[in-house]
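Each chain, letter by letter, is given below.
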Amino acid sequence: QYAQNDAMLAFAKNLGVKTKKIDAFKLTAQIAEADGKKYGFPLGFREGVHLDDGFDLVEYSEDEEGNEIAERVGFVRVSKTGNNVNDPSAFTYSTQLLGDRQDIGGVVMEHPTLGLDARVKIGIISGMNISQVHTQLPKFLGGEYVFAETGGATSAFGINMTFAYNVAPIIGVSQTFLDIDMGFFMPLAEINPNAKAFPFIIPINFGITKKLQFGRNNLGIGLNSGFDMFSMSGTVTYSTTDYTYSYSLIALGFGASVDYEMLLTPDLSFNIGAGYRLGLVPMVASLTVDDTDYDLTEDYSVYFNGVDFEDRFEDMNLGGMRINLGVNYALAELPFNLFGFLDPFKKY
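These figures come from a predicted structure and were not determined experimentally.

Our focus in this paragraph is the overall build of the protein. Of the regular secondary structure elements, the protein holds 4 helices and 17 strands. For 348 residues, the compact-globule formula gives about 20 Å, and the C-alpha radius of gyration of the protein, at 26 Å, lies well above that figure. In the protein, the share of contacts with a sequence separation of at least 24, taken over all contacts with a separation of at least 6, comes to 69%. If you sum the accessible surface of the protein, you get close to 17,200 Å²; carbon and sulfur atoms cover 59% of it.

Following this line, the structure appears as structure tokens:
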């Protein structure tokens, strides 16, 4: 029942945004105050306007047949929502991010989104430490090393996907986001052909980002924490028998990032940034061989000729310096109700 209700909420939110994409259903108002690229207009809480909501600046013209056409000539973001429930004369104020400056009498038209951004970044991590000994397989698989060289991997290349929920309407601080981030990275190291492995790193993080706006540009400062999973999957031949294995290590990590973004369209931004992640010592290790599971955290020395788990991985580091570039897109629909439980708390 919970899953069904959540799916219905996602459907309703998507339908609401799609409906507001039709001009006839959009909130529209005339600019009543203009100070540079800051505008005030008579909409507010009564109409469901919130902090950081977007509005298009619109100019009307006629086509050859005399039909009225709305031409979008700019974009503004709400900086203060008018409380027109208690004061019907209260204005909502906004800051222009795209387009030429407008005068009093200009028209703003709602630009609906979910209040949820998707960020896709590709990048490289340097400064990590995954040595050859960290990739050794248990003795009953022949004790092979997955990495062919003793130096192992000190960098990795991959992609990150982030969903960022704008909590500004809840806390009253513009451009503040809760983030869920998941990545897929491949260590840059030569693989031992005898291990026939595919090593990869999956970082999963939860964090918060605050963007400082400078016109169409912004600087985002973020903090995050989560865990990194280093996994090796493959097939190894030992004593004429082929074994399929999956070997995983999980470690906690904490990080900070700084990103520069430039708004290209009301929904799309270009992003370039850097960050540093402090990777802690792995705390969990597991192994699956064919259909059999092994807990290596407690029994590591049993399968590795007396080598202690803490001693083996005390210098392993899945963090490091990250440099990335990508895009940020303001979503108009999503097939699941991510962060939906926070929507009822919007009040600014």
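On to the sheet that holds strand β6 (residues 92-99). Strand order in the open sheet made by the 7 strands is β1-β7-β4-β5-β6-β3-β2, with antiparallel pairing throughout. Pairing within the sheet leaves two strands with one partner each, and these edge strands are β1 (28-30) and β2 (33-35). When strand polarity is set aside, the average angle formed by the axes of neighbouring strands in this sheet is 35 degrees.

Turning our attention to the side chain of Thr 92. Along the polypeptide, Thr 92 turns up in strand β6. Within the local environment of Thr 92, its side chain forms a polar contact with the backbone oxygen of Leu 43, the two atoms lying 2.5 Å apart.

Ile 130, Phe 230, Tyr 245 and Tyr 247 are the most contacted members of the largest nonpolar core, which totals 31 residues. Top element by residues in this core is strand β13 (residues 241-263). It accounts for 4 residues. When neighbours within four sequence positions are excluded, Ile 130 is seen to be in contact with Thr 135, Phe 147, Gly 151, Gly 152, Ala 153, Ile 201, Phe 230, Met 316, Asn 317 and Leu 318. Grouped together as the second largest cluster of nonpolar side chains are 13 residues, Leu 114, Ala 118, Tyr 165 and Leu 334 included.

Evaluated as defined, the whole model comprises 14 aromatic pairs. Aromatic pair Phe 163 and Phe 336: ring centres 6.0 Å apart, planes at 85 degrees, arrangement edge-to-face. One end of the pair, Phe 163, is in strand β9 (residues 153-166); the other, Phe 336, is in the segment after β17 (320-330), and 173 residues separate them in sequence. Its relative accessible area of 18% is what places Phe 163 among the buried residues.

Looking now at the pattern of salt bridges. Counting across every chain of the model gives 11 salt bridges. Across the pair Arg 72 and Asp 23 runs a salt bridge, and its minimum N-O distance is 2.7 Å. Remark: Asp 23 occurs in the loop between α1 (2-20) and β1 and Arg 72 occurs in strand β5 (residues 68-80); sequence separation between them is 49 residues. By relative accessible area, Arg 72 is classed as partly exposed at 38%.

Inspection of the secondary structure assignment puts Phe 184 in strand β10 (residues 176-187). For the pair Phe 184 and Asn 129, spaced 55 residues apart in sequence, the C-alpha separation works out to 17 Å. Every residue in contact with Phe 184, bar those within four places of it in the chain, is listed here: Phe 157, Gly 158, Ile 159, Phe 198, Phe 200, Ile 201, Ile 202 and Pro 203.

Across a regular strand the side chains alternate sides, sitting on one face of the sheet and then on the other. In this structure, strand β8 (residues 116-130) lies alongside β17, joined through 10 bridges in antiparallel fashion. From the neighbouring strand, Ser 126 faces β17, where its bridge partner is Met 321. As paired elements, strand β14 (residues 268-279) and β17 share 10 bridges and run antiparallel to each other. Looking at β17, one finds that Phe 270 is bridged to Val 327.

Moving on: α1. In a regular helix each residue adds 1.5 Å, so 19 residues correspond to 27 Å; α1 covers 27 Å between its end C-alpha atoms and thus fits that length. Turning to α1, its buried residues are Ala 10, Asn 14 and Val 17. Burial along α1 is one-sided: seen end-on, the buried residues are contained in an arc of 60 degrees.

A separate point is the pairing of β8. Across 12 bridges, β8 lies against β9 in antiparallel orientation. Across the sheet, residue Lys 121 finds its bridge partner in β9, namely Asn 160.

Parameters at a glance
- Residues numbered from 1 in each chain as written.
- Predicted model: local features only at pLDDT ≥ 70, side-chain atom pairs only at ≥ 80, totals over all residues.
- Heavy atoms only, no water.
- Helix = DSSP H or I, 4+ residues; strand = E, 2+ residues; numbered from the N terminus.
- Rg over C-alpha atoms; globule rule 2.2 N^0.38 Å.
- Contact = heavy atoms within 4.5 Å.
- Areas by Shrake-Rupley, 256 points an atom, 1.4 Å probe, with all protein chains shown as cover.
- Pairing = 2+ DSSP bridges.
- Axes fitted to C-alpha atoms, helices over the stretch in contact; angles between N-to-C directions.
- Polar contact = N/O pair within 3.5 Å; in protein donor to acceptor, adjacent residues only side chain to side chain.
- Core = buried A, V, L, I, M, F, W, Y, C linked by side-chain atoms within 4.5 Å.
- Buried < 20%, exposed > 50% of the residue type's maximum accessible area, 1.4 Å probe, protein only.
- Phe/Tyr/Trp six-rings, centres within 6.5 Å; stacked < 30°, edge-to-face > 60°.
- Salt bridge = Lys/Arg side-chain N within 4 Å of Asp/Glu carboxyl O.
- Expected span 1.5 Å × (residues − 1).
- Arc of directions from axis to C-beta.

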